[in-house]
Amino acid sequence: MATFLYRLGRGAFRRRGLVALLWVALLFAAGFGAATAAAPTSGSFSIPGTEAQRAFDLLDERFPGMAADGATARIVIKAPEGAKVTDPGPKAEVQKLVAGLRSGPGAAEISSVADPYESQAVSQDGSTAYASVKYKVSGMELKDATRDALKESGDAAKATGLNVQIGGDALMAAPETGSGEIIGILVAAIVLVITFGSLVAAGLPLLTAIIGVGIGVSSITALANVLDLGSTTATLATMIGLAVGIDYALFIVSRYRVELAEGRARDEAAGRAAGTAGSAVVFAGLTVVIALVGLAVVNIPMLTKMGFAAAGTVVIAVLVALTLVPAILGFAGRKVLPAGEKSRLLGRAKPAGAEPKANGGTRWARFVLRRPVMVLLAGVIGLGVIAVPASKLEMGLPDDGAQPVSTTQRQAYDLLSDGFGPGFNGPLMVVVDGDKALADSTAERIKGMEGVAAVVPPTPNEAGDAAVITVVPKDRPSSTQTEELVHEIRDSSGSEVLVTGATAMNIDFSQKMNDALLPYLALVVGLAFLLLMLVFRSVLVPLKAALGFLLSVVAALGAVVAVFQWGWLGSVFGVEQTGPIMSMMPIFMVGVVFGLAMDYEVFLVTRMREAYVHGERPGQAVVTGFQYSARVVVAAAVIMIAVFAGFIGASDQMVKMIGFGLAVAVFFDAFVVRMAIVPAVLALLGHRAWWLPKWLDRLLPNVDVEGESLRKHLAAESSRSAEGPDKDRELVDA
């Protein structure tokens, strides 16, 4: 494979105009498709195999239209102190608000507006009421004019002295990330400049990553409606595509500069960079693809589609690194080198055999080799302590109660809790597949349960063979008491009684994600173990890589639990409301961080393996690997931490949690596991680190990621061309 990639990289360098034109054409084609496609929706959401999903399917069959996924809004009205919403003045304003929604701007997208006085949506003390609004389309599909009309109706009522707040998903919009994301990109640019000492070399990974992400995300947008991809799919693809795109280009450019420093012609340096670092990029990309495609084991269609779409973006990033990066290096010339390096390569080279100056990576590696046990124990114990809170992990899906207190959604949530009880924000929907007698007896049985605040009488369908019972819990939707109530209703009922609704769906979703975590880990880590065994021709190195990754992920989960569930340092990170960890967070973090961790593992250890194969002792091979790769790995990790940390400033709690978790996980994995634990373990193992049973060595195909076959191939070519100069190379290098 190294030989093939060498030819691919050198060919892209020599035909750089054609290669660049093809990628630009792809970018414009994908952009045109995205611009002409219909706007993406929120995507359909289903949880196959759960009781909540079976209940929704039954609702769709017996109560047509009731299970529709159109947007909803609750306009919560609280009277001024000492007044009631049933007083003539406030009542007139509320009815005016309802009438305005029914006939004003945006009414065409509204399917129904419930008058609070007709639907008995007034609290017992008369202080609070709410009007329910149902829309014909999802929250992401609502027109801006419709949202504006909803907000303006609330503002008009506020002007009369009423406290009006709006909850529900009708106001759903992309979360604001503030300036944090911009700062993250600026930090990435600064790190690249410091790493390469050249603006051209620093800008190249950013440029190629943006092109790759542009093609991937535009393709997702163009196909969003055809494939029913949710609006969050593009966000995930952007995050991962930028991460791996910058990393992969960084690896290729770094190796290209090393090859130039050794006196190679520019086309030869590009080919060798693609053949060596490119091999690491291919296998690192495969591990990311495995992690993302592996989301299919969860058996939630939305997650499966997100995983496949993001995996496609990673494949594009790999192809960009192997073809577009060498092509742009051809255009850049020697501008990718610092000024001092340019002059040295033009004739003032260092004396042959001179010892290279020890850099920070070399000094750190030698320190670890002198004290491997101390470094190993410090790293493992430190991460182990941070991982302790993960044992208390509670998962759930956040509702409006997790929103910042300054938002109208959170204030509407609090007003409903104060006026009607905490459980009113998450009522349960009990679907009875039977006649009126069964529905009535079920309602009476549920009334006697301890966690129930109220039970609405059964509502039968037209045929009289099914009914819906609304149950209001005493506790808030995300509480363990409400979860216990759901299980109690299910355990005490037969198969003809099903519990659903947003709260029950969240409980089932969280349980399914929890059940899928271990199988997902086993699949991803197992397949990656086999892949890394092919790369490193070793059993212990892949095992060490997998165990180190698990340690960093559990430690990151511990940090997430401590901050977002327990509230430690919550004010520092803008956490306004503690609660369960988002159900998708652990499995999502495993997939993303696993891919990035294996990037660093492959790039760092491949250079060690390369040195070991060419005769260096195990300890010296570790030093060599750090000498050439540590700076690049550190730069890549700092860039990713900066990009992910930018999301901590988001207004949305979920985005904030994802940004924090990924930033912390990358920090632990790159700086503690890869830069400390890995060299310590390799130092202790010595030659045994590269041991592979002979029978297994014969079975495994030789992928030659360290480029041994490439060196033999190039040596043979060199001997054949020794009779005369390579005119083509002279022309290219001129």
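Residues numbered from 1 in each chain as written. Predicted model: local features only at pLDDT ≥ 70, side-chain atom pairs only at ≥ 80, totals over all residues. Heavy atoms only, no water.

A. The arrangement of the overall build of the protein chain in detail. Counting its regular elements, the protein chain contains 24 helices and eleven strands. A buried classification covers 54% of the 734 residues belonging to the protein chain. Restricting to contacts in the protein chain with at least 6 residues of sequence separation, those with at least 24 account for 79%. As presented, the protein chain carries roughly 31,100 Å² of accessible surface, and 61% of it is formed by carbon and sulfur atoms. (Helix = DSSP H or I, 4+ residues; strand = E, 2+ residues; numbered from the N terminus. Buried < 20%, exposed > 50% of the residue type's maximum accessible area, 1.4 Å probe, protein only. Contact = heavy atoms within 4.5 Å. Areas by Shrake-Rupley, 256 points an atom, 1.4 Å probe, with all protein chains shown as cover.)

B. Here's a closer look at the nonpolar core. Ranked by size, the top nonpolar core spans 165 residues in total, and within it Tyr 248, Phe 549, Tyr 600 and Phe 644 carry the most contacts. Ignoring sequence-local partners within four residues, the contact set of Phe 549 consists of Leu 521, Val 525, Val 590, Val 593, Phe 594, Ala 597, Met 598, Asp 669 and Arg 674. In this structure, Val 85, Val 94, Val 113 and Leu 171 belong to the second largest nonpolar core, which totals 25 residues. (Core = buried A, V, L, I, M, F, W, Y, C linked by side-chain atoms within 4.5 Å.)

C. Geometry of the pairing of strand E10 (residues 497-500). Residues Val 497 and Val 499 point to one face of E10 and Leu 498 and Thr 500 to the other, with burial holding for every one of them. Pairing of strand E6 (residues 428-432) with E10 involves four bridges; the strand directions are antiparallel. Across the sheet, residue Val 432 finds its bridge partner in E10, namely Val 497. (Pairing = 2+ DSSP bridges.)

D. A look at the pattern of salt bridges. With the rule as written, the count across this model stands at 21 salt bridges. The partner of Glu 444 in a salt bridge is Lys 447, with the nearest N and O atoms 3.5 Å apart. A residue pair is termed a helical-turn pair when its members lie 3 or 4 positions apart in one helix, as Glu 444 and Lys 447 do in helix H15 (residues 436-447) at three residues. Glu 444 sits in the exposed class, given a relative accessible area of 52%. Salt-bridge contacts for Arg 674 lead to Asp 669; the nearest nitrogen and oxygen are separated by 2.8 Å. (Salt bridge = Lys/Arg side-chain N within 4 Å of Asp/Glu carboxyl O.)

E. The packing of aromatic side chains, seen in detail. Counted by the stated rule, this structure contains eleven aromatic pairs. Taking the centre distance of 5.4 Å and the plane angle of 40 degrees together, the rings of Phe 667 and Phe 671 count as tilted. One end of the pair, Phe 667, and the other, Phe 671, are both in helix H21 (residues 653-685), four residues apart, so they sit about a helical turn from each other. Members of the aromatic cluster, connected to one another through ring pairs, are Tyr 130, Phe 420 and Phe 424. (Phe/Tyr/Trp six-rings, centres within 6.5 Å; stacked < 30°, edge-to-face > 60°.)

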